[in-house]
Each structure stands twice: as C-alpha cells, then as structure tokens.
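Residues per chain are reported as follows:
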Amino acid sequence: MKNVEITNDKRTKAARKASLLIFLVCGIGLSSWAPMVPFAKINLGLDDAALGLVLLSLGAGAILTMPFTGFFINKFGSRKVMLVAAVMIAIVLPLLLLTNSAWQLAAVLFIFGAAIGSIDVAMNSHAVLVQDKYGRHIMSSFHGMFSLGGLAGSIGLGFLIKMGLSPSLAAVSISVMLVVIAGSQYQYLFAKAEEKSVDSFSFSLPTGPVVALGLMCFVFFLAEGALLDWSAVFLQFNRNFEPSMAGLGYAVFSVSMAVMRLTGDKIIHKIGSSKVVLYGALVASAGYFIAVLIPWPGAALIGFALVGLGAANVVPVFFTAAGNIPGIAASVSLPAVTTLGYMGQLAGPAMIGFIADAFSLPIALGFVGVLLLICAFTYKENK
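Residues numbered from 1 in each chain as written. Predicted model: local features only at pLDDT ≥ 70, side-chain atom pairs only at ≥ 80, totals over all residues. Heavy atoms only, no water.

Looking now at the overall build of the protein. Looking only at helices and strands, the protein has 15 helices and 0 strands in total. Since a compact globule built from 383 residues should have a radius of gyration of about 21 Å, the 19 Å found for the protein is in line with a globular shape. Seen through its principal axes, the protein has C-alpha atoms that stretch 65 × 45 × 35 Å. With an accessible surface of roughly 15,400 Å², the protein has 69% of that area assigned to carbon and sulfur atoms. Side-chain charges in the protein split into 22 positive and 15 negative, and the spacing between the mean points of these groups amounts to 10 Å. (Helix = DSSP H or I, 4+ residues; strand = E, 2+ residues; numbered from the N terminus. Rg over C-alpha atoms; globule rule 2.2 N^0.38 Å. Areas by Shrake-Rupley, 256 points an atom, 1.4 Å probe, with all protein chains shown as cover. Lys, Arg positive; Asp, Glu negative; His and termini not counted. Charge placed at Lys NZ, Arg CZ, Asp CG, Glu CD.)

Below, the discussion takes up the packing of helix H9 (residues 248-262) against helix H10 (residues 264-271). The interhelical angle for the contact between H9 and H10, taken along N-to-C directions, is 55 degrees, at an axis separation of 4 Å. As far as their axial angle goes, H10 and H9 are oblique. Contacts between H9 and H10 involve Met260, Arg261 and Leu262 on the former and, on the latter, Gly264, Asp265 and Ile267. (Axes fitted to C-alpha atoms, helices over the stretch in contact; angles between N-to-C directions. Parallel < 35°, antiparallel > 145°, perpendicular 65-115°, else oblique. Contact = heavy atoms within 4.5 Å.)

Looking at the protein as a whole, its pLDDT mean stands at 85, while 90% of the residues score no less than 70. Looking over the protein, one finds the lowest element-wise mean pLDDT in helix H14 (residues 330-358), namely 77, and the highest in helix H4 (residues 78-92), namely 95. Note on residues 1-7: pLDDT is under 50 here. Beyond four places in sequence and across chains, it has 0 contacts. (pLDDT = per-residue confidence, 0-100.)

Throughout the structure, instances matching the rule amount to 5 cavities of 30 Å³ or more. Roughly 160 Å³ of volume is contained in the largest cavity. What lines the largest cavity is a set of 16 residues, among which Asp120, Phe146, Phe221, Glu224 and Tyr342 lie closest to the centre. For the lining of the largest cavity, the elements supplying multiple residues, two or more each, are helix H1 (2-31), helix H5 (102-134), helix H6 (139-162), helix H8 (209-238), H9, helix H13 (314-323) and H14. (1 Å grid on protein atoms, 1.4 Å probe; cavity = no way out; pocket = protein on both sides within 12 Å on 5 of 7 lines; lining within 4 Å. Points joined across faces, edges and corners; volume = space filled by probe spheres on them.)

Formed by 120 residues in total, the largest nonpolar core has its most connected members in Trp33, Phe112, Phe220 and Phe318. Top element by residues in this core is H8. It accounts for 16 residues. Aside from chain neighbours lying at most four places away, what touches Trp33 is Ala40, Leu55, Leu58, Leu96, Leu105, Leu109, Phe112 and Asp229. (Core = buried A, V, L, I, M, F, W, Y, C linked by side-chain atoms within 4.5 Å. Buried < 20%, exposed > 50% of the residue type's maximum accessible area, 1.4 Å probe, protein only.)

Another point: the environment of Ile267. Tracing the chain through its elements places Ile267 in helix H10. Separated by 179 residues in the primary sequence, Ile267 and Met88 place their C-alpha atoms 35 Å from one another. Leaving out residues up to four positions away in the same chain, Ile267 has contacts with Met260, Gly272, Val276 and Asn313.

A cluster of nonpolar side chains, contributed by Leu64, Val84, Met88, Phe110 and Ile111, occupies part of the molecular surface with about 420 Å² of accessible area. Those elements giving two or more residues to the nonpolar patch turn out to be H4 and H5. Note that Met88 resides in helix H4. Note on Met88: relative accessible area 32%, which makes it partly exposed. (Patch = residues over 30% accessible without salt bridge, like charges linked within 9 Å, V, L, I, M, F, W, Y side chains within 5 Å. Salt bridge = Lys/Arg side-chain N within 4 Å of Asp/Glu carboxyl O.)

As structure tokens, then:
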C-alpha cells in the first residue's frame, strides 16, 4: 500500500506540473493576440466600432463551443480536448495577421475563440481534479501560470517584432512553441478513467449557484477581456505609445496578476473567498479609473497593474466553487459557469467599441470600472 501511495503522489505531482504548463500555453496563445490588434486595426482600416464588432467573434467562438466542450470531456477526457485545442490555437494564431477583410478576420477569430474556450474549460476541469487529489486549494497557482503566459505572449511577440521578425513570422514562432509544450505534457495529464463523468450528458439552462457564479464571472471576464482587446489600442492611440510597445499594457496587467495568483492560495486561506472577491473588485475598479482619468502615460500602466492585482484571485475562487457544487460533476458545472463568464468577452469588445465610438475609449474603459465597483458591493458568497 505504501508503494502505491508513493506512486500516486508522484503521478499527481506530474499531473500538476503538466496542468501548469497547459495553463501557460493558453495564456501565451491568448495574449499573443493583444499586440496584434493594432496591426489588424490599421491593416484593415477599421474604426473603433467596426473593430469592436469584429472582436465579437473571439468571444462568440468561445461561448458557443464551451457547452459542447463538457460533452467532449465526458466522452474523451480532458487531456485529449486540451491537446486538440492547443494545436488549433497554434495553427490559427498566425492566420490572424493574414486576413484581407474584416469578415475574414472575424471568421478566423471565431475559430481562435473556439479553441481558447475549449482548452479553458478542459484545463480548469482537469485542475479541479488535481486540486481534489492534493486536498488543498491550489487553483490560484494554475491561473498564475496562465497570467505568466499572458506576460510571455504579449511581451514575447512584441520583442520578436522589435528584433526584426515580421509579425507573421513572430506568430509562427510562438505557435511552434505552443505545440511543443502541449505535446510534451500530454502523457502526464490524467486520463479519462481518472476523471469524474456522468452516465448521460444533456444540455440544460444553468440555475441557482451556477447562475450566480456565472454572472460574476461575466463581469471579471469582461474586465480582463477589455485589456486583452483594447489596452494596446488605448496605449497607442490615447497615450501615444509606439506600436511595438503597445502590448506593454497587457503585459503589466499579466505580471501583476501572475504575482498575486502565485501567492493567492495563501491569501484565500487567510482571509477567505468572500473578502478576496470584495477587495479584489475594489482594487480592479480603482485601476480602471486611474488608467483613464490620469493622462500621464505611466498612470495607464499603474492602473492596468492594479486591475491585475485586484482581479487575480477572483476567477479561481469562482472556478473552485463551480467545480465543487454538490451533486453536479465538474464537467457539467464548469462549462456552464465559463460560458456565462465568456459572454463578458463576447459582449465586451462590441460594447466598448460602440461606447468608444459614441464618446471615447477612456469613457468606455471607465464603464468597466463602474461594473467592477458594483460587483464589490453586491457579491455574497454562497454557503
């Protein structure tokens, strides 16, 4: 029995390491799009409203795929879903810079969003299993690796361009790395036989605690998605950053989020989940207001850093809660919560684009700060 326990412990540690690297892959893949946005905007001659409509496709691809991802996890296991999604991300990423029209970009973004949504659900479902085997809260560390990926993607692609590579070749280089990481870690992830599953899988509207968690995720995904899609545009056109440095805003956000998430498990254990959401929402809201109300370029970076610090551990709290709702398998509850959350990224780009077109981009981003402020005073932890 002792040997079996040692083997299982090693197996769980290997699965945790592999899961961390899959979160890294997702973070790199998604954040690599951030510094591409200004290039796409200029190349296709899009105004803010048109760009907002095009950006709808990323969120649409994610939320339309997520409910079906639960079915595929239940049928094939999360690790197969993660591998296929990672390869899709790698293939599509360079294509985002090769489109010739808004419609082409929207179509490619839809596929990109579908892949991101699938790997997001699968990796969180797998992380809940790993956390259960550990017997303590480690979800924030997984999301910390996602944030480190956000730093690597947003800074890395810009750095490659700065070094002389074309944007397309830089994207191809990122894609090759993603495939290598995902392929090398596949064998260490838990197989389907080790995951919870249901005998029959059906689609139904979420209710009760699933809806509450999903709506909160909606706002925080909107807050993160707004920086992914609009931070580079804001820095370049409203704060006069050079194009090669426009990805710095999302990078700063990712660094602060990563630092906070890597220490988040201890913070959650010390002050509790409810206070993490309250204080996090207040800090993130303040970050948005600082970024848009103070015209000094450095203030935008400080504000984006505060958004990362505040929002860092809120989504891990929600995902942990969703994966442990009594009587509901994680493969059922997590797709529902993440789908509602990603609706924030679906509605967000278009909403911000229309507000920016009617008023200004700073006002549009400030509106996100208002939503976060509302969340700070309305969230109640489900007992």
